[in-house]
Amino acid sequence: MARGRSPRPARKRPGVFRSLLSLLVSLVMGGVLLGAAGLGLYMVYLDGVIRAEFDAKRWALPAKVFARPLELFQSMPLNADAFAQELKLLGYYDVNCPAPPPAPPPDKTKRPTLKRKPPPPPVVCTPPPGGGESPTKPGSYARQGESFEVVTREFPFWDDVEPSRKVKVVFAGNILVDLLSLDGQEAPGLLRLDPPEIAGIYPSHYEDRILLKGKDLPPALVDTLLAVEDRSFFEHAGINPKGIFRALVANLRAGHTVQGGSTLTQQLVKNLFLSNERTLKRKINEILMAILIDARYGKDEILEAYSNAIYLGQDGSRAIHGFGLASQFYFGKSLEDLDLHQLALLVGMIKGPSLYDPRKNPDRTKERRALVLDVMVEQNLIGPEDAVVAKEMALDVTPKAASGITAYPAFLELVRRQLRQYYKAEDLASEGLRVFTTLDPRLQATAENTLINSLPPLEKSQPKARPLQGAAVITDTQTGEVLAMVGDREPKSVGFNRALDAKRLAGSLIKPVVYLTALEQPDRYNLTTLINDSPLTYTSGNQRWSPGNYDRRFHGRVTLRDALARSYNIPAVRVGLDMDVINVVAMLKRLGLEQELKPYPSLLLGAMNVSPFEIAQIYATIASGGFRIPLRAIREVTDTTGKSLQHYAMDVVKVVDPGPVYVLTNAMQQVVKSGTAAAMKSKLAPELNIAGKTGTTDDYRDSWFAGFSGNRLAVVWLGRDDNKPTALSGASGALRVWMDLMAGLNLDPIDAPAPADVEQIWVDPHSGLRLSQGCRRGELLPFVAGSGPKGSASCGGGGSTAERRAEPPDAADLDMPSDNADSGGEMSDFFQRLMR
């Protein structure tokens, strides 16, 4: 019997649970691999961000900003004391003047103690008999009365390298009388000193900081910083897990945040790369970037970057970053000069710059400083006795914030704006640029001191003026260079720059522009043209406007020159409407005003908001004889090799013929001789032939004066920031400041020869009729050729011997209503067109 085949055992199917587990493991492993790959790619991305941004923000060298170099030549106006000030500004030292011994380098092995630095003894420089020592090193000099021996420094300018020279400079009063060579070379006809450095900025992103290197950080600051903020800084790899866990436990126990776990590296990441939002994503980015930075850079490099990046307060719209700037901002001195109690205050502020602002919250700041001092004792950085003394000390902060960046904040703001305007962004991204500016430090000091000293007496005389503010702009009439700028009655303060940004009504400063528009038509207007100064009402639709004069009187028929000199309103309005307001607006644009204006009739009396700098541009074109030269604060920008950067050209354009401008200047000189600025003769010599114009706005809210000599133009504005009345007119306010300012400058007279198309005619300045040469009541006035008066009068005052051309443009002549308030017809259409 055949054996049957045994049945095959049934194969067991894998359980559902085992299959699911296997699938889950695979998915998890795949997810982990994908996550790892994604994290790796994200870390590569973050590393690229760090390399691109961290190096640029941390290592970029600031551009050096220089004032104008002093150029010496024989017969130039300069005195010995002013020259000594220039040398002091440059850091030159007198070899016969004893200097205090240099401070020894800090000893990092000794525990610092708290000591007040005694004030340095006064230094008296008295050359020994025989003249004393002669200078030998660049940057040194010896003074003997009005004679100097100087060894200049070599300096690479954009056009050439100025070599070091040894020279003798001799003064006699206010004149440089001799410039002699003492080094065997030919005597220089022109000697250019190295320019004073006035600021350091980052042009590519327009920041200003005081950049510190690691070697510049006081050891006491570093030790205190690490003791308070990150004791394991030199041990961890960017993050400190123990610190994070310890902070978590402390916060849970307290029920709120009492301790942070961020390392210095994490704080650096937050300052450089991340926003202040509190999200999980931001925290993860912070941790990853801190690890990457710690892996890529050394601890000393991270500490240096942190010291320059940490946020320590706010100055208006400007953030205070870094210990270097904070030291100047709060204490008005460099970081190396701070005492221990001041260093402790800065470190304590890191936790909350607003919360522990020493100016706003002094008591709370003292408590925080005391806590830091206790930590310093605990870590054996100082002794208990030092902590006790430090806790009793005042905060020692300056009452007002100091810039710390430059002594010339208003001017530096103009430099920043013109860098953006005239230079390409990619060129400004270079490191170590040199920006050569037009600033004249001595003239700037004169402008600052004048504004500081002039405003308190004005406030005392007119209590309504308090608190009075002011601004001033000074330029060179021949080159358009801005020589000085003041934007605040406290010139060193950083904030609102009134010279550039205070948009105030121009008032009567607009009148020379109105009359220049008319003088361009010499067949209709000249200086002796009679204009009707009588009541006038203008109507446009349902709108009525009746301008009045400053003195609330009417003066009949007045010459154009007298109307401007005495700043009468109605003649200016009549002439402006005769010319068409649109043409006056066009003239403003030709003279350099860039803003758009509506051609409303009220503009003829200065109803337009302009800054002192904009007024300076308009008047600079008049002062230069009709040539528009863009006002500039920058002469040149070079790279580290001294090569000039490509920049946008600033063209000089003739926008008005010289003849009408020359005639207008004569009228503006009459403002000073016998008009609203006649008080000037008490301060400045009449021979200077200064031309200018006062400006006063409604309710005495703004006080202006703009004027120029042969070489200098200045604009002064006074007013209140809240735009309330000051009770100061242009003559009683800004003119006084302007006179004091210009009295301290070396001024050239206005003595330009008359243009070829201008003739001088002897006339009666009141009637406008010709007179015989030498007639006592006559005056020599300029006229564009062919536009002089046709009529003449006898010296004894007789009538006209011929028909006069200069008849007054009365209401009928102007084709507009005069005394008739409800006129319509063409006048109504005229205003509708203007108001459109």
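In every chain, residue numbers begin from 1 and rise along the written sequence. Owing to the predicted nature of the model, reporting of local features is limited to residues with pLDDT of at least 70; listing and counting of side-chain atom pairs is limited to 80 or more, with chain, interface and lining totals taken over all residues. Just so you know, side-chain values use all the structure's heavy atoms and leave hydrogens and water out.

Chemist: Can you help me understand the overall build of the protein in this one?
Modeler: Each helix and strand in the protein was counted, giving 24 helices and 30 strands. Relative accessibility decides the category of a residue: with a 1.4 Å probe and only protein chains considered, values under 20% of the type maximum give buried, values over 50% give exposed, and everything between is partly exposed. Within the protein, buried positions represent 50% of all 836 residues. Residues count as neighbours in contact if any of their non-hydrogen atoms are within 4.5 Å of one another. Pairs at least 24 residues apart make up 70% of the contacts formed inside the protein by residues separated by at least 6 positions. Only carbon and sulfur atoms are counted for the fraction: they give 54% of the accessible area of the protein, which is about 40,000 Å². Elements are defined by DSSP. Helices are runs of H or I of four residues or more, strands are runs of E of two residues or more, and each kind is numbered from the N terminus. Surface accessibility in these figures is a Shrake-Rupley result with a 1.4 Å probe; residues are shielded only by whichever protein chains are displayed.

Chemist: Looking at this model, I keep getting lost on the packing of aromatic side chains. Mind explaining?
Modeler: The geometry of an aromatic ring pair comes down to the distance between the two centres and the angle between the two planes. Ring geometry is summarised as follows: Phe, Tyr and Trp rings, the Trp one being its six-membered ring, pair when their centres sit within 6.5 Å, and such pairs are stacked at plane angles under 30 degrees, edge-to-face over 60 and tilted between the two. Summed over the entire model, instances satisfying the criterion amount to 16 aromatic pairs. Between F66 and F436, the ring centres sit 5.4 Å apart and the planes meet at 20°, which makes this aromatic pair stacked. One end of the pair, F66, is in strand 1 (residues 63–66); the other, F436, is in strand 14 (residues 434–437), with 370 residues separating them in the sequence. Given a relative accessible area of 4%, F66 falls into the buried group. Among the aromatic side chains, those forming a connected cluster through ring pairs are F66, F155, F157, W158 and F436. Looking at R192, its charged tip hangs above the ring of F157, at a distance of 3.9 Å from the centre. The criterion for a charge sitting over a ring is simple: Lys NZ or Arg CZ within 6 Å of the ring centre, and within 35 degrees of the ring normal. Its guanidinium or amino end placed over the ring of F233, K299 lies 4.7 Å from that ring's centre, counting from NZ or CZ.

Chemist: Looking at this structure, I do not really get the sheet that holds strand 27 (residues 702–708). What am I missing?
Modeler: The strands that make up a sheet are held in pairs by hydrogen bonds between backbone atoms, and each pair lies either parallel or antiparallel. Any two strands with at least two DSSP bridges between them are considered paired. Ordered in space as 16-15-28-27-26, the five strands form an open sheet in which the pairing is antiparallel. Edge positions in the open sheet fall to strand 16 (482–486) and strand 26 (691–696), since each of these has one partner strand only. Between one strand axis and the next, the sheet turns through 5° on average, direction left out of account. Along the sheet, helix 14 (residues 441–461) makes contact with strand 15 (469–476), strand 16 and strand 28 (712–719), crossing strand 16 at roughly 30°. Only C-alpha atoms enter the line fits that serve as axes; for helices the fit covers just the stretch in contact. Angles between N-to-C directions range over 0 to 180 degrees.

Chemist: What's the story with the confidence of the model for the protein in this structure? I'm lost.
Modeler: In low-pLDDT segments, the atomic positions of the prediction should not be examined closely. One number per residue, pLDDT, summarises how confident the predictor is, and it ranges from 0 to 100. Across the protein, the average pLDDT comes to 85, with 83% of residues at or above 70. A low-confidence stretch, residues 114–120 (pLDDT under 50), is modelled with 15 contacts involving residues beyond four sequence positions or located in other chains. Under a pLDDT of 50 for its full length, residues 800–836 has, in the predicted model, 92 contacts with residues more than four places off or in other chains.

Chemist: Please explain a nonpolar patch on the surface as it appears in this structure.
Modeler: Where nonpolar side chains cluster on the molecular surface, the patch consists of F17, L21, L24, V25, V28, M29 and V32 and spans about 690 Å² of accessible area. In this fold, V25 is placed in helix 1 (residues 16–59). The exposure class assigned to V25 is partly exposed, which follows from its relative accessible area of 44%. Note on patches: the residues involved have over 30% relative accessible area and no salt bridge, like charges join within 9 Å, and the nonpolar side chains Val, Leu, Ile, Met, Phe, Trp and Tyr join within 5 Å. Between Lys or Arg on one side and Asp or Glu on the other, a salt bridge is scored when a side-chain nitrogen of the former is within 4 Å of a carboxyl oxygen of the latter.

Chemist: It is not clear to me how the sheet that holds strand 14 should be interpreted in this structure. Could you clarify?
Modeler: Taking strand neighbours across the sheet as the criterion, the four strands line up as 11-1-14-24 in an open arrangement whose pairing is mixed. Every other strand in the sheet has two partners, leaving strand 11 (197–201) and strand 24 (634–638) as the edge strands with one partner each. In this sheet, adjacent strand axes meet at a mean angle of 20° when their direction is disregarded. Relative to strand 14, strand 1 is paired through three bridges, and the arrangement is parallel. Across the sheet, residue F66 finds its bridge partner in strand 14, namely F436.

Chemist: Could you clarify how one ought to interpret the packing of helix 16 (residues 511–519) against helix 19 (residues 581–591) in this entry?
Modeler: Geometrically, a packed helix pair is captured by the angle between its two axes and the distance between the axes. Put simply, helix 16 and helix 19 touch, their axes get as near as 9 Å, and they point 105° apart. On the basis of their axis angle, the class for helix 16 and helix 19 is roughly perpendicular. Across the interface between the two elements, V513, V514, L516 and T517 from helix 16 touch N583, V584, M587, L588 and L591 from helix 19. For the contact of helix 16 with helix 19, a count of residues per class yields seven nonpolar, two polar and no charged. Angular relationships are summarised with four words: roughly parallel below 35 degrees, roughly antiparallel beyond 145, roughly perpendicular across 65 to 115, and oblique for the angles in between. Classification used: nonpolar for Ala, Val, Leu, Ile, Met, Phe, Trp, Tyr, Cys and Pro, charged for Asp, Glu, Lys and Arg, polar for all others including Gly.

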